[in-house]
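Examination of the molecular architecture
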Amino acid sequence: MSFPLHRPRRLRRTEKLRNLVRERDINTAGFIYPMFVCPGAKVRHGVDSMPGVYQQSPDAIVEECREVESLGISGVILFGLPESKDPRGMSSLASDGVVQRAIEGIKKANLKLLVITDVCLCEYTDHGHCGLVKNNEILNDETLQILSEQALSHARAGADIVAPSDMMDGRIKAIRNKLDEHDFANTPIMAYSAKFCSAFYGPFREAADSAPKMGDRRSYQMDSANAREALREVQLDLEEGADVVMVKPALAYLDVIRLVRDHFDVPVAAYNVSGEYSMVKAAAQKGWVEEKRIVLEILLGIQRAGAEIILTYHAKDAVRWLKS
Ligand code: PBG
C-alpha cells in the first residue's frame, strides 16, 4: 500500500471517538457576567445594540444576579450609570452611588457570586474620558487619587474584586496602597493591563453612556499593533501588585492572550467585549450564523488561547447551552 500510515480521520469517525480524544472542554467556572447599574427602582431598560443586555436599577440587578448565581456563573462585573456627571467623576465615590447600592443589595440578598467592580472615570465624567482633563490632555497622576478613592468606596460597599480599566500609569500601585491603608489588604485587583484602543467598544459606550465627548482614548489605551508592549504593561501591573491581569478585547488579540499566558504565572482574564457580542447577535438575528455554535466556538477559542477567566455577555446563554 502506498497510502501513508497515518490517518488522523480514524479518531474523528464517531462521536464517541471524538469525545475520547478531545483536548479540552469549556471551563464555565471562569465566566464573569457584565452588568450595567442605573439609578431608580424597578428599571430594566434594554440596550438596543446589545440584545439581552439591560441598564438596571440596583433592585433589578439583584434579581438578575439570583438567576446568574442559580446558573452556576462565578461572578458579575458591575458598571455604573450615575445620576449626575461632572468633570471629576465625583459621583463615583458616593457611598449611596449606583454601584455601591447594587453591591450592598447583592450581599444583603445573601448571594454568593463574586462581585467585581469596574474602576474608571469615563462613566462618571461629563467629558467621558477615563481620567481628569486639562487643556485637552488626559492627566495621569492627578487621576490616581480619585481612582483609588473609587476602588476603596467599592471595597467598603463589599466588592470582592476591583478591576481598574482606566489605563493610567501607576494606578495599580495607587489602588493597592489605598486599599491596604484601609484594611482591605485581602481585596484582589484584576487589572485591565493590556487594554487596546478598540472600535469593538462601540456598543458598550451606548450601554454605559461613556463615549468621550471630545477626542479619543488613543493617548492612554494601547495601539492595536503592539503585542510586545502588552507584555510590558502586564509586567508593570504585576510589579505594582495586580493579582489577575486582563487582555481586552479578546478576539482580535488572541495572540496577546497566548503571549501573556506563556510569559507570566498569574491568572489571565480576557474580555469578550461588546462589539464582539453585538456582531454575533446581529448576524444570528439575520440567520446568517448559528448563534449557539458560534458562541461556544468563540469561548473555547479564547480559553485555548490561554485565558482562564472570560468576561462575557454570552455567559448566561453559554452556561444554559452547555448544561442542556
Ligand atoms: C472603560 C471600559 C470600557 C469597557 C470596559 N470598561 C470602554 C472603553 O474603554 O471605552 C468596554 C467593554 C465592552 O466593550 O464590552 N471604563
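Just above sits the structure.
In short, a report on the structure. (Residues numbered from 1 in each chain as written. Predicted model: local features only at pLDDT ≥ 70, side-chain atom pairs only at ≥ 80, totals over all residues. Heavy atoms only, no water.)

With that settled, the discussion passes to the packing of aromatic side chains. Applying the stated criterion across every chain yields a total of eight aromatic pairs. Residues Tyr-271 and Tyr-313 carry aromatic rings whose centres are separated by 6.1 Å and whose planes lie at 40° to one another, so their mutual orientation is tilted. On the criterion of sequence distance, the pair formed by Tyr-271 in strand β11 (residues 268–272) and Tyr-313 in the loop between β12 (309–312) and α11 (315–323) is long-range, its members being 42 residues apart. Between Tyr-277 and Tyr-313 the ring centres are 5.6 Å apart and the planes differ by 55°, which places this aromatic pair in the tilted class. A residue pair is termed long-range when its members are at least 10 positions apart, and Tyr-277 in helix α9 (residues 274–285) and Tyr-313 in the loop between β12 and α11 qualify at 36 residues. Side by side, Tyr-277 and Tyr-313 carry an identical accessibility label, which is buried. (Phe/Tyr/Trp six-rings, centres within 6.5 Å; stacked < 30°, edge-to-face > 60°. Helix = DSSP H or I, 4+ residues; strand = E, 2+ residues; numbered from the N terminus. Buried < 20%, exposed > 50% of the residue type's maximum accessible area, 1.4 Å probe, protein only.)

Here we take up the site of the ligand. Lining the immediate surroundings of the ligand are 18 residues, of which Lys-195, Arg-205, Lys-248, Ser-274 and Tyr-313 lie closest. The side chain of Ser-165 places a nitrogen or oxygen atom 2.9 Å from a nitrogen atom of the ligand. Side-chain polar atom of Lys-195 to an oxygen atom of the ligand: 2.8 Å apart, as the coordinates give it. When grouped by side-chain class, the residues that make up the shell around the ligand number nine nonpolar, three polar and six charged. (Near = heavy atom within 4 Å. Polar contact = N/O pair within 3.5 Å; in protein donor to acceptor, adjacent residues only side chain to side chain. Nonpolar A, V, L, I, M, F, W, Y, C, P; charged D, E, K, R; others polar.)

Our next topic: the pattern of salt bridges. Per the stated rule, a full pass over the model turns up 19 salt bridges. Salt-bridge contacts for Glu-67 lead to Arg-320; the nearest nitrogen and oxygen are separated by 2.5 Å. Residue Glu-67 is located in helix α2 (residues 58–70), and its partner Arg-320 is located in helix α11; the two are separated by 253 residues in the primary sequence. Residues Arg-218 and Asp-216 are paired through a salt bridge, measuring 3.2 Å at the closest nitrogen-oxygen approach. Here the salt bridges share partners, and the residues they tie into one network are Arg-44, Glu-64, Glu-67, Lys-281, Glu-291, Lys-316, Asp-317 and Arg-320. (Salt bridge = Lys/Arg side-chain N within 4 Å of Asp/Glu carboxyl O.)

On to a nonpolar patch on the surface. Taken together, Leu-11, Leu-20 and Val-21 make up a surface patch of nonpolar side chains, about 290 Å² in accessible area. With respect to the helices and strands, the residue Leu-20 is situated in helix α1 (residues 15–21). Taking the relative accessible area as the measure of exposure, Leu-20 reaches 66% and is therefore exposed. (Patch = residues over 30% accessible without salt bridge, like charges linked within 9 Å, V, L, I, M, F, W, Y side chains within 5 Å. Areas by Shrake-Rupley, 256 points an atom, 1.4 Å probe, with all protein chains shown as cover.)

This paragraph deals with the packing of α2 against helix α3 (residues 98–108). Close contact between α2 and α3 brings their axes to 9 Å; oriented N to C, the two are set at 45°. Taken together, α2 and α3 sit at an angle that is classed as oblique. Remark: the crossing between α2 and α3 carries right-handed chirality. Contacts from Pro-58, Ile-61, Val-62 and Cys-65 in α2 reach Val-98, Arg-101, Ala-102, Gly-105 and Ile-106 in α3. Residue composition of the contact of α2 with α3, by class: seven nonpolar, one polar and one charged. (Axes fitted to C-alpha atoms, helices over the stretch in contact; angles between N-to-C directions. Parallel < 35°, antiparallel > 145°, perpendicular 65-115°, else oblique. Left-handed = near helix turned anticlockwise from the far one by under 90°. Contact = heavy atoms within 4.5 Å.)

One can find His-154 in helix α4 (residues 141–157). We classify His-154 as buried; its relative accessible area is 0%. Those residues in contact with His-154 that lie beyond four places of it in its chain are Ser-92, Val-99, Gln-100, Ile-103, Thr-117, Asp-118, Val-119, Ala-159 and Val-162.

With respect to the element layout, Gly-158 can be found in the loop between α4 and β8 (161–164). Looking at Gly-158, the relative accessible area reads 23%, which means it is partly exposed. In this view, Gly-158 contacts Ile-103 and Lys-107; residues no more than four positions away in its chain are not counted.

The biggest cluster of nonpolar side chains holds 76 residues, and the ones touching the most others in it are Phe-31, Leu-78, Ile-106, Ile-257 and Val-260. Not counting the four nearest positions on each side in its chain, Leu-78 is found in contact with Met-35, Val-37, Ile-61, Val-99, Ala-102, Ile-103, Ile-106, Val-115, Ile-116, Thr-117 and Asp-118. Residues Met-50, Ala-163, Ala-208 and Tyr-271 belong to the second largest nonpolar core, which totals 27 residues. (Core = buried A, V, L, I, M, F, W, Y, C linked by side-chain atoms within 4.5 Å.)

Our next topic: a positive patch on the surface. Judged by side-chain charge, Arg-7, Arg-9, Arg-10 and Arg-12 come together as a positively charged surface patch. Following the sequence through the fold, Arg-10 ends up in the segment before α1. (Lys, Arg positive; Asp, Glu negative; His and termini not counted. Charge placed at Lys NZ, Arg CZ, Asp CG, Glu CD.)

All right, on to unusual backbone geometry then. Geometrically, the link from Lys-248 to Pro-249 is a cis peptide bond, its omega value of -10° lying close to zero. Residue position: Pro-249 is located in the loop between β10 (244–248) and α8 (254–263). Despite not being glycine, Asp-183 has its phi angle at roughly 70°, a positive value. Turning to its location among the elements, Asp-183 is positioned in the loop between α5 (171–181) and β9 (190–195). Its identity as a non-glycine residue notwithstanding, Asp-209 has a phi of 50°, on the positive side. Mapped onto the fold, Asp-209 is located in the loop between α6 (202–207) and α7 (227–240).

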